[in-house]
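# Topology and contacts: notes
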Amino acid sequence: MASKILVVEDEETMRSILEESLTEKGYSVDTAADGDSGMDLSLKNEYDLILLDIILPKKNGLEILEAVKKDRKGKLPKVLVLTNLGEADYVQKALDLGATSYLVKADHNLQDIMEKVSSLLEK
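As a starting point, this report considers the structure included with it. (Residues numbered from 1 in each chain as written. Predicted model: local features only at pLDDT ≥ 70, side-chain atom pairs only at ≥ 80, totals over all residues. Heavy atoms only, no water.)

## Quick word on the sheet that holds strand 5 (residues 101–104)
The test is simple: Being paired, for any two strands, means DSSP has found at least two bridges between them. In DSSP terms, a helix is any run of H or I states spanning at least four residues, a strand is any run of E spanning at least two, and both are numbered starting from the N terminus. Helix axes use the C-alpha atoms of the stretch in contact, all axes being lines fitted to C-alpha atoms, and the angles between their N-to-C directions lie in the range 0 to 180 degrees. Contact definition: two residues touch when any of their heavy atoms are within 4.5 Å.
As summarised here, the arrangement of the five strands in space is 2-1-3-4-5, forming an open sheet in which the pairing is parallel. Where the open sheet ends on each side, the last strands, each with one partner, are strand 2 (28–32) and strand 5. When the angles between neighbouring strand axes are averaged without regard to direction, this sheet yields 15 degrees. Relative to strand 3 (residues 49–52), strand 1 (residues 4–8) is paired through four bridges, and the arrangement is parallel. Its bridge partner lying in strand 3, Ile5 is registered against Leu49. Against the sheet, helix 3 (residues 61–71) engages strand 1, strand 3 and strand 4 (78–83), with an angle of about 155 degrees to strand 3. Relative to strand 4, helix 5 (residues 110–122) is tilted by about 165 degrees, and along the sheet it contacts strand 1, strand 3, strand 4 and strand 5.

Printed below as a string of structure tokens:
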């Protein structure tokens, strides 16, 4: 059975590229364009991995992480934070809330992201 991935990304081009690339690799992919829909999907469905931006309309990625962690009593799916916020305090806050890994978009290309997804899902 294909791993199920949620992509929460407000930038349409990035969201589409990720969805297309992940689908081509055989993953089952849901997407959300804002924090509200990302939170709804992440609370209603079981995912093997969530790709999560921090800067989102309506609710930010850290709020989503916090809500899912609370709802699942600390048992989060794997979460790859994929954002342009590289400041140490954001990285630490995301990891403290249960994110599995953190990548700054500007520092990584699509191939890097796909490799990270594969390695996280293999663990």
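## Quick word on helix 5
Formally: Multiplying 1.5 Å by the residue count of a helix minus one yields the expected span of that helix. For each residue, the accessible area found with a 1.4 Å probe, counting protein chains only, is set against the maximum for its type, and the residue is called buried under 20%, exposed over 50%, and partly exposed in between. It is the directions from the helix axis to the C-beta atoms whose arc is reported.
Its 13 residues give helix 5 an end-to-end C-alpha distance of 18 Å, which sits within 8% of 18 Å, the value for a rise of 1.5 Å per residue. For helix 5, the complete set of buried residues consists of Ile113, Met114, Val117, Leu120 and Leu121. Buried residues of helix 5, viewed axially, fall in a sector of 130 degrees; they line one side. Opposite the packed face of helix 5, turned more than 90 degrees from it, sit the exposed residues Gln111 and Glu122. On its buried face, helix 5 sits against strand 1, helix 1 (12–24), strand 3, strand 4 and strand 5.

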